[in-house]
Amino acid sequence: MPKTWNIKIDNYFQANPNCIIATAHVDSFPIDLPLEPNIREPNRKSATYRQIFDSLTTEPAKFFSRHSGIVLSANIAKPVKNKTELELEILEASEGGSDGIINGGHTVLAFEQAKNYNYNLTEARVKVTIHIGLTEESAKDIALASNTTTPVDSRSKVNARGDYKFIKQYLAQLERAEDRKFRIAYYQNQSGAPRNAQCNVTHLLKLLYCLDRNKYNPDGNKRTKHPAGMSLPSNITDAERERLTALLPLLTHALWIEQRLYEIIQDYISNPRRKGANDLASIDIRKTTLLPDSKYSFGFGAPTDLALPIIASYRVFLDKDYKWILPFNEFAEDFLQHLWNNYFRKYLVSEKTAGNTVGTKISRNQEIWESLYISAQSYLNQHLVKMVNSSKEEKSKVTQGTKGRVQAGKK
């Protein structure tokens, strides 16, 4: 059911049939309006919020002239109580609406905090622009175009355009099918999402890109041989979405590789024989890490790109249609242990010894990406040779058995 909010006003005018601009009272302004159309949630630690709060609480009478105002979206807006209030009907997202605060989340948060601290706001006014009957696309377009005093990150803009919808839908299906819960941050200051960078939607995209054996192929003529230091697109085109959609079924495998690598590292640095010492570059035993699947939390900090070279090496086992050449469950664990014991652990130890501890620099080292990729090729070739030899042995046994039965029949 649609919900209604009332805003007390001094005056208003109809800017156009679908837009009302009013002078609203701050002390009674509704602080629970939905943030659905906004492209990020307000951050009380930001400079933007502090400036608004200070302006409001030090000289409330001058707030109207010093502030650019609040922009709202409503399904219906009409004057009531002898035109001293505006009644807003807000459609919730589940009802197909995109109503609420388009721009001004930090301002409303400042109103809430000032009221909590019992500041006298009776003289404070704020300009309110109310757009009526906007579509979701139009509301997001206004939110993106609104001037902000602090930058909006590209992830929030991509999310506002709806470019992450295909990922959200896939994860929702995965949650239902596997009874698991993902905590992914799609935009700035998103409440309910961990601050761990591994839980950022861009991290999920990096995991997928690492398995794109068609885009990153050292055996081809392309310059992009490995996804080291990859830059993510600020606009996901239809072609890019189609390619990422084809890669999405591999996301669970990429998440598993990352989780297992972290478990191996956890076991390694927790080994009693090591007496709490840590000789791995980029690993901080004073911090913790939470992976996108919230079940997995580890007692050490690690850069978000730590597992990417390992995950990228697995693309050797994929064909051009992103299908596993070998059954994933049959080789994944053994191959990961092979990489850890023979390459990656030794690499991290050598980097720590050399004094190189910055995780991003380590993960962007082209040499480790190349070494792991070559190791994966060798590992795959060995398995294929074993399979061929095993097949020949089976055929030989069948042939010998057939000959034996024939000879026995002749007797």
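Analysis parameters
- Residues numbered from 1 in each chain as written.
- Predicted model: local features only at pLDDT ≥ 70, side-chain atom pairs only at ≥ 80, totals over all residues.
- Heavy atoms only, no water.
- Pairing = 2+ DSSP bridges.
- Helix = DSSP H or I, 4+ residues; strand = E, 2+ residues; numbered from the N terminus.
- Axes fitted to C-alpha atoms, helices over the stretch in contact; angles between N-to-C directions.
- Buried < 20%, exposed > 50% of the residue type's maximum accessible area, 1.4 Å probe, protein only.
- Contact = heavy atoms within 4.5 Å.
- Expected span 1.5 Å × (residues − 1).
- Bend = angle between axes of the 7 residues up to and from the residue.
- Parallel < 35°, antiparallel > 145°, perpendicular 65-115°, else oblique.
- Left-handed = near helix turned anticlockwise from the far one by under 90°.
- Nonpolar A, V, L, I, M, F, W, Y, C, P; charged D, E, K, R; others polar.
- 1 Å grid on protein atoms, 1.4 Å probe; cavity = no way out; pocket = protein on both sides within 12 Å on 5 of 7 lines; lining within 4 Å.
- Points joined across faces, edges and corners; volume = space filled by probe spheres on them.
- Phe/Tyr/Trp six-rings, centres within 6.5 Å; stacked < 30°, edge-to-face > 60°.
- Lys NZ or Arg CZ within 6 Å of the ring centre and 35° of its normal.
- Core = buried A, V, L, I, M, F, W, Y, C linked by side-chain atoms within 4.5 Å.
- Patch = residues over 30% accessible without salt bridge, like charges linked within 9 Å, V, L, I, M, F, W, Y side chains within 5 Å.
- Areas by Shrake-Rupley, 256 points an atom, 1.4 Å probe, with all protein chains shown as cover.
- Salt bridge = Lys/Arg side-chain N within 4 Å of Asp/Glu carboxyl O.

The protein chain has the name AIPR family protein in an unreviewed UniProt entry, where Nostoc foliaceum FACHB-393 is given as its organism.

**Q** I'd like to hear about the sheet that holds strand β5 (residues 85-90), residue by residue, with values.
**A** Backbone-to-backbone hydrogen bonds join strands into a sheet, with any given pair of strands oriented parallel or antiparallel. Overall, mixed pairing links the seven strands, which are arranged β4-β5-β1-β2-β7-β3-β6 in an open sheet. Looking at the sheet topology across the chains shown, the edges are occupied by β4 (76-80) and β6 (100-103). In this sheet, adjacent strand axes meet at a mean angle of 40° when their direction is disregarded. Sheet topology places strand β2 (residues 19-25) next to strand β7 (residues 125-132); seven bridges connect them, and they run antiparallel. Its bridge partner being in β7, I21 is matched across the sheet by T129.

**Q** I'd like a description of the environment of T224, backed by residues and values.
**A** Mapped onto the fold, T224 is located in the loop between α7 (201-210) and α8 (238-247). Looking at T224, the relative accessible area reads 37%, which means it is partly exposed. Not counting the four nearest positions on each side in its chain, T224 is found in contact with K215, Y216 and N217.

**Q** Tell me about helix α11 (residues 328-353), residues and numbers included.
**A** An α-helical turn contains 3.6 residues, so a residue and the one three or four places further along point in the same direction. For α11, with 26 residues, the first-to-last C-alpha span of 35 Å sits near the 38 Å given by 1.5 Å per residue. Taking the largest bend as the criterion, α11 deviates by roughly 50°, centred on W340. Remark: G355 follows α11 within two positions and exhibits a positive phi of approximately 85°.

**Q** Report on the packing of helix α9 (residues 251-270) against α11, specifying residues and quantitative values.
**A** At a closest axis distance of 11 Å, the pairing of α9 and α11 adopts a crossing angle of 50°. Accordingly, the angle class assigned to the pair α9 and α11 is oblique. Where α9 crosses over α11, the two elements pack in a sense that is right-handed. Contact residues: α9 offers H253, W256, I257, R260, L261, I264, I265 and Y268, while α11 offers F328, A332, E333, L336, Q337, W340, F344, R345 and V349. Here the residues of the contact of α9 with α11 sort into twelve nonpolar, two polar and three charged.

**Q** Account for unusual backbone geometry, with residues named and values stated.
**A** The phi dihedral of N82 falls on the positive side, at around 55°, and the residue is not glycine. Looking at the element boundaries, N82 is found in the loop between β4 and β5. The class of N82 is exposed, set by a relative accessible area of 77%. With a phi close to 75°, S282 is a non-glycine residue in the positive phi region. One can find S282 in the loop between α9 and β8 (289-290). For S282, a relative accessible area of 13% puts it in the buried group.

**Q** Residues and numbers for empty space enclosed by the protein, please.
**A** Sizing a probe to match a water molecule and rolling it over the atoms shows the empty space that remains. In this structure the tally under the stated criterion is one cavity of 30 Å³ or more. For the largest cavity, the calculated volume is near 40 Å³. Forming the walls of the largest cavity are S282, P303, L306, P309, F344, Y347, L348, G359, I362 and S363. Its residues placed into classes, the lining of the largest cavity shows seven nonpolar, three polar and no charged.

**Q** Tell me what's going on with the packing of aromatic side chains, and back it up with residues and numbers.
**A** If you walk through the whole model with that rule in mind, you get 23 aromatic pairs. Through pairs of rings, three or more aromatic residues link up here, namely W256, Y314, F317, W324, F328, F331, F335 and Y379. The ring of Y186 carries K168 above its face, with NZ or CZ at 4.8 Å from the centroid.

**Q** Report on the nonpolar core, specifying residues and quantitative values.
**A** Y314, F317 and F344 are the most contacted members of the largest nonpolar core, which has 74 residues in total. Taken together, the elements giving at least two residues each to this core come down to α6 (165-178), α7, α8, α9, α10 (308-313), α11 and α13 (366-410). Non-local contacts of F317, meaning those with residues more than four positions away in its chain, are made with K323, W324, I325, L326, F331, F335, A376, Y379 and L380.

**Q** Go over the layout of surface pockets, please, and point to the residues and values.
**A** One number sums up the size of the largest pocket: a volume of about 490 Å³. For the largest pocket, the lining is made up of 20 residues, of which E136, K140, N159, A160 and K168 are closest to its centre. Only α4 (136-145), α5 (154-160) and α6 provide two or more residues apiece to the lining of the largest pocket. The biggest single contributor to the lining of the largest pocket is α4, with five residues.

**Q** Summarise a nonpolar patch on the surface; cite the residues concerned and give the values.
**A** A contiguous nonpolar patch, built from I325, L384 and M387 and spanning about 250 Å² of accessible area, is present on the exposed surface. The residue M387 is located in helix α13 in this model.

**Q** Residues and numbers for the pairing of β4, please.
**A** Sheet topology places β4 next to β5; five bridges connect them, and they run antiparallel. Paired with I76 across the two strands is E89, which belongs to β5. The hairpin formed by β4 and β5 contains four residues between the paired strands, and K81 there has a positive phi angle of roughly 50°.

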